[in-house]
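Breakdown of the fold
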Amino acid sequence: MLAAPDRIGVASEVIRRTLDGRMKVAPDGTVRVNDRYLLVGRKGAARPDPAQAAWLYAQMVRWGQAPLAAEMLAAAKAVFRPDLYDAAIVTAEPTVSGEPADGIGAFAGPSFDPGAVAAHLDSWTIRRA
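The present account deals with the structure reproduced in this document. (Residues numbered from 1 in each chain as written. Predicted model: local features only at pLDDT ≥ 70, side-chain atom pairs only at ≥ 80, totals over all residues. Heavy atoms only, no water.)

1. Observations regarding the overall build of the protein chain
Of the regular secondary structure elements, the protein chain holds five helices and two strands. With 129 residues in all, the protein chain has 20% of them scored as buried. Of all intrachain contacts in the protein chain linking residues separated by at least 6 positions in sequence, the fraction that spans at least 24 positions is 48%. Counting every atom, the protein chain has about 8900 Å² of accessible surface; 59% of that belongs to carbon and sulfur. (Helix = DSSP H or I, 4+ residues; strand = E, 2+ residues; numbered from the N terminus. Buried < 20%, exposed > 50% of the residue type's maximum accessible area, 1.4 Å probe, protein only. Contact = heavy atoms within 4.5 Å. Areas by Shrake-Rupley, 256 points an atom, 1.4 Å probe, with all protein chains shown as cover.)

Next comes the structure, spelled out in structure tokens:
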């Protein structure tokens with residue numbers, strides 16, 4: 001359905017390959033495989049974690065979109081409710097093995113501690129002044 005001309009309009013093999021995390025990276029057909037490339041509803045990818053909210057808030061502070069304030073950090077973290085998610089999605093294992101220790105696994109920058117947002121921000125040299 002996604003391959004249809006009125007949708008994405010590319011070959012179904014390209015869509016399947018992308019969804020499976022198999023990206024063609026060179027004209028000779030070389031493929032790079034990464035099972036974490038696109039996590040949609042697998043390995044607990046949709047489960048909210050207050051650490052994720054803290055990281056998003058830290059990025060907003062980093063780029064000058066919000067001030068650094070303990071009460072704003074607490075409010076951001078309170079929005080992500082894994083307890084509600086777990087109650088709605090019955091799962092034998094609510095925590096996921098193999099995930100990054102900091103719960104974020106960002107492609108760049110230091111590991112993230114949601115209890116030390118100021119220290120995380122201080123470690124960046126690139127940010128909005």
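2. Details of the packing of helix 2 (residues 50–62) against helix 3 (residues 70–79)
Running from N to C, helix 2 and helix 3 point in directions that differ by 135°, and their axes come no closer than 7 Å. When the axes of helix 2 and helix 3 are compared, the pair comes out oblique. In this structure, helix 2 crosses over helix 3, and the sense of that crossing is right-handed. Where helix 2 abuts helix 3, its residues Pro-50, Ala-53, Ala-54 and Tyr-57 lie against Met-72, Leu-73, Ala-76 and Lys-77. Class assignment of the residues belonging to the contact of helix 2 with helix 3 gives a composition of seven nonpolar, no polar and one charged. (Axes fitted to C-alpha atoms, helices over the stretch in contact; angles between N-to-C directions. Parallel < 35°, antiparallel > 145°, perpendicular 65-115°, else oblique. Left-handed = near helix turned anticlockwise from the far one by under 90°. Nonpolar A, V, L, I, M, F, W, Y, C, P; charged D, E, K, R; others polar.)

3. Points about the side chain of His-120
The residue His-120 is located in helix 5 (residues 117–122) in this model. Residue classification places His-120 among the buried residues on the basis of a relative accessible area of 5%. If sequence neighbours within four positions are ignored, His-120 has contacts with Trp-55, Ala-58, Gln-59, Pro-110, Ser-111 and Phe-112.

Don't take any of this as a statement about function, it's just geometry.
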